[in-house]
There are 2 protein chains.
Amino acid sequence: MVNFCAGLLYVWSSEIEILEVELMEDKTTDQSSTELKIFEAAREVFQAKGLEGARMQEIADKAEINKSMLHYYYRSKAKLFEKVYQLSIIKVIPKIAELLNENLPLEQKLRSFVDKYLEIVKANPDIPLFVLHEMNKDPNRLRNFMIDQIGKKVQPFLQQIREEREKGNTVDLPAEQIMVNIMSLMIFPFIARPVFKTILDKDDEGYEAFIEERHRILPDYVVSIVMKKSS
Amino acid sequence: MVNFCAGLLYVWSSEIEILEVELMEDKTTDQSSTELKIFEAAREVFQAKGLEGARMQEIADKAEINKSMLHYYYRSKAKLFEKVYQLSIIKVIPKIAELLNENLPLEQKLRSFVDKYLEIVKANPDIPLFVLHEMNKDPNRLRNFMIDQIGKKVQPFLQQIREEREKGNTVDLPAEQIMVNIMSLMIFPFIARPVFKTILDKDDEGYEAFIEERHRILPDYVVSIVMKKSS
DNA sequence: ACAAAAATTAACCAAATGGTTGAATTATTT
DNA sequence: AAATAATTCAACCATTTGGTTAATTTTTGT
């Protein structure tokens, strides 16, 4: 019987939703689970081609099951997409606020944030472009969910920057600009991968190495361009 | 008679293509031109929703013409899309190499590049996400065209950075990382607009102001994080 | 071992969507 | 002004595509 879809009704209730997501993660070990094979295939196809670019048949083929199973487990393309979209957001958005609200002095926090968040994006390199494309098409879809996940949770971090700026410990930029700088430096290379591969004349392996180098460099570099050198 | 589509056959020949594009720009003044009204509508819809997300009917409605006219002037959705995609690339990619190859000392060049390129992106804020999404879906489509437009044209600039780095005038990072840093800081805020609007709790007007502030700040800031302070 | 439930499939269906056609209208040419 | 060419449109068409159904196989519970 198909009954686990009921959870979709509670999209706006973070707690229930996150529980469900973790349940799903657990199932990942069970490779034979048709439901998971479908979800995994859907994730790949949706993230690569977007909602409208994805074909149900392609998802079925990738999952090696009959197309009817998609509807048996997920009812409709819209429902399946919503789950993929939701999980994608959960994987990359809440961690931002979480990492930024650790109780650390600014410099340490920056270094740790950049290092750990790059780890997350490296593990989910297709999510940023996917989420931003879908969010751009329809800014209202899951907007409340987004707000739940991050909303005003970064305000304490911005406040921390402002305080350090007052003390003259940071570069003389508004906290919001600094925040956007940091996110840009981390995420954009994953979004613009095909362009940079062309511009920098790299193959997959070469770009992989480029990203690794970046991961090594960026934590210190971000600190250096945010914190004011004591001179 | 429909004859101007012939140019599409020469996609790989930059010169002919650019000529055609400029011809098109000229027509922009002729507001009554159905062909242009269609193209303008197609540009908006494709850039907002992507190839598969766009509906021919929606383009026709936005252009205030009968759907048949789309095919009369552009033959097919694929052909119309290709033109929009191509022009989008032309508007944001070649300028990079062009601005970076002006004969200027590095510091001046950086300041000028960031200022002028931000102007371009501000005038075409939807293009980066659109192009990157389409390029991600199908990295081979117009790949040769891309290579023509920028290809190895940024190598001289990378070389310039390397030379200045040797002389100890820049921060101690590989030239490629510096280049990616600069592009990230400029472009990402346009791509991630819906997320940043949520995170920073801004409305359209507020985000516009944020971008303006950024435009004012960034040229100097980029210089400051690339060039080594003489201390 | 049997019955009930769950999972799976092939064949089909209906709506959406890109595309075509032929007639009607407007503009151009001579 | 007549004839020719270009433009526009309403009605249609064909394919793609998301979705359904009914029958079959597999699993589970007793």
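Definitions and cut-offs
Residues numbered from 1 in each chain as written. Chains lettered and ligands numbered in written order. Predicted model: local features only at pLDDT ≥ 70, side-chain atom pairs only at ≥ 80, totals over all residues. Heavy atoms only, no water. Helix = DSSP H or I, 4+ residues; strand = E, 2+ residues; numbered from the N terminus. Buried < 20%, exposed > 50% of the residue type's maximum accessible area, 1.4 Å probe, protein only. Contact = heavy atoms within 4.5 Å. Near = heavy atom within 4 Å. Polar contact = N/O pair within 3.5 Å; in protein donor to acceptor, adjacent residues only side chain to side chain. Least-squares fit on C-alpha atoms with pLDDT ≥ 70 in both. Axes fitted to C-alpha atoms, helices over the stretch in contact; angles between N-to-C directions. Parallel < 35°, antiparallel > 145°, perpendicular 65-115°, else oblique. Nonpolar A, V, L, I, M, F, W, Y, C, P; charged D, E, K, R; others polar. Salt bridge = Lys/Arg side-chain N within 4 Å of Asp/Glu carboxyl O. Phe/Tyr/Trp six-rings, centres within 6.5 Å; stacked < 30°, edge-to-face > 60°. Arc of directions from axis to C-beta. pLDDT = per-residue confidence, 0-100. Buried area = accessible area lost by both parts, 1.4 Å probe.

> Help me understand the overall build of chain A in this model?
Helix and strand counts for chain A come out as 13 helices and zero strands. Secondary structure of chain A in N-to-C order comes out as α-α-α-α-α-α-α-α-α-α-α-α-α. Per-residue burial over chain A gives 54% buried out of 231 residues. Counting contacts in chain A only where the partners sit at least 6 residues apart, residues at least 24 apart contribute 67% of the total.

> Mind showing me how you'd approach the protein's contact with DNA strand D here?
Close to DNA strand D lie 15 residues, the nearest being Arg55(A), Lys67(A), Lys77(A), Ser68(B) and Met69(B). Those atoms of DNA strand D that come within 4 Å of the protein belong to sugar or phosphate at a rate of 64%. Between DNA strand D and Thr34(B) there is a distance of 2.9 Å, counted from a phosphate oxygen to a side-chain nitrogen or oxygen. In the environment of DNA strand D, a base nitrogen lies 2.4 Å from a nitrogen or oxygen atom belonging to the side chain of Ser68(B). Of all elements in the fold, only helix H4 (67-74) of chain A together with helix H4 (67-74) of chain B reach the threshold of two or more residues within the surface near DNA strand D. Considering each element in turn, the surface near DNA strand D owes the most residues, four residues, to H4(B).

> For this particular structure, what's the right way to read the relation of the copies chain A and chain B?
Mapping between the two copies of the chain is achieved by a rotation about an axis and a shift along the axis. Once chain A has been moved 0.0 Å along the axis and rotated by 180 degrees, it coincides with chain B to within an RMSD of 0.0 Å. What we have between these two chains is a two-fold relation. A symmetric contact is evident, with 98% of the interface residues of chain A recurring at the interface of chain B.

> Would you take a moment to explain the packing of helix H11 (residues 175-191) of chain A against helix H13 (residues 204-226) of chain B for this structure?
The relative placement of two packed helices is expressed as an angle between their axes plus a distance between the axes. H13(B) packs onto H11(A) with a crossing angle of 70 degrees between their chain directions and a minimal axis gap of 11 Å. Comparing their axes, H13(B) and H11(A) come out roughly perpendicular. Residues Glu176(A), Gln177(A), Val180(A), Asn181(A) and Ser184(A) of H11(A) pack against Phe210(B), Glu213(B), Arg214(B), Ile217(B) and Tyr221(B) of H13(B). Classifying every residue of the contact of H11(A) with H13(B) by side-chain character gives four nonpolar, three polar and three charged.

> Looking at this structure, I do not really get the pattern of salt bridges. What am I missing?
Pairing is possible between side chains of opposite charge, provided their charged atoms come close. Per the counting criterion, the structure on display carries 36 salt bridges over all chains. Note that Glu107(A) and Arg111(A) form a salt bridge whose closest N and O atoms lie 2.7 Å from each other. Pair noted here: Glu107(A) and Arg111(A) are both in helix H7 (residues 106-123), with a separation of four residues, about one helical turn. Across the salt bridge formed by Arg193(B) and Asp204(B), the nearest N and O atoms sit 2.8 Å from each other. Here the residue Arg193(B) occupies a position in helix H12 (residues 193-199), and Asp204(B) occupies one in helix H13, the gap between them amounting to 11 residues. Looking at Arg193(B), the relative accessible area reads 27%, which means it is partly exposed.

> How should I be thinking about the packing of aromatic side chains in this particular structure?
Remark: the centre distance and the inter-plane angle together describe each pair of aromatic rings, the angle taken between the planes. Residues and elements named next belong to chain B. Here the structure, examined in full by the defined rule, presents 18 aromatic pairs over all chains. When the centroid spacing of 5.1 Å and the interplanar angle of 85 degrees are considered together, the rings of Tyr72 and Tyr73 count as edge-to-face. Since its relative accessible area comes to 43%, Tyr72 is described here as partly exposed. Overall, Tyr73 belongs to the buried group, its relative accessible area being 17%.

> Would you explain helix H3 (residues 56-63) of chain A in this entry?
In an α-helix, one full turn covers 3.6 residues, which means residues spaced three or four apart are oriented alike. Residue and element names in this part refer to chain A. For H3, the full list of buried residues reads Met56, Ile59, Ala60 and Ala63. Considered in projection along H3, the buried side chains sweep an arc of 100 degrees and stay on one side of the axis. Each element contacted by the buried residues of H3 is listed here: helix H2 (34-53), H4 and helix H5 (77-92).

> Quick question: what am I supposed to make of the confidence of the model for chain A here?
Detailed reading of the predicted model is not advised wherever pLDDT is low. The predicted model of chain A has a mean per-residue pLDDT of 89, with 85% of residues at 70 or higher. Across residues 1-30 of chain A the pLDDT falls below 50, and counting only partners more than four positions away or on other chains, this stretch makes 41 contacts in the model.

> Help me out: how do you make sense of the interface of chain A and chain B in this one?
One frequently used descriptor of interface size is the decrease in accessible area upon assembly of the parts. Taken together, the 50 residues of chain A in the interface contact 49 residues of chain B. Note on chain A versus chain B: buried area summed over both sides is about 4,900 Å², and carbon and sulfur give 69% of it. Ranking the residues of chain A by area buried against chain B places Phe188(A), Ile199(A) and Tyr221(A) at the top, with a combined share of 13%. At the junction of chain A and chain B, the tally comes to two salt bridges. Across the salt bridge formed by Lys202(B) and Glu176(A), the nearest N and O atoms sit 3.2 Å from each other. Per-element accounting of the side of chain A that touches chain B gives the leading share, 11 residues, to H11(A). Across the side of chain A that touches chain B, the residue classes tally to 30 nonpolar, 10 polar and 10 charged.

> So what exactly am I meant to see when it comes to the environment of Asp115(B) here?
Residues and elements named next belong to chain B. Mapped onto the elements, Asp115 comes out in helix H7 (residues 106-123). As for Asp115 and Asp220, which are separated by 105 residues in sequence, their C-alpha atoms are 9.3 Å apart. Apart from residues lying up to four places away in sequence, Asp115 is in contact with His215 and Pro219.

> What is the right way to look at the protein's contact with DNA strand C in this model?
Close to DNA strand C lie 15 residues, the nearest being Asn66(A), Ser68(A), Arg55(B), Lys67(B) and Lys77(B). Near-protein atoms of DNA strand C (within 4 Å) split between backbone and bases, with sugar and phosphate holding 63%. Take Thr34(A): an N or O atom from its side chain is 3.1 Å from a phosphate oxygen of DNA strand C. Met56(B) has a polar backbone atom sitting 3.2 Å from a phosphate oxygen of DNA strand C. The set of elements that each furnish at least two residues to the surface near DNA strand C consists of H4 of chain A together with H4 of chain B. Residue classes in the surface near DNA strand C are distributed as six nonpolar, six polar and three charged.

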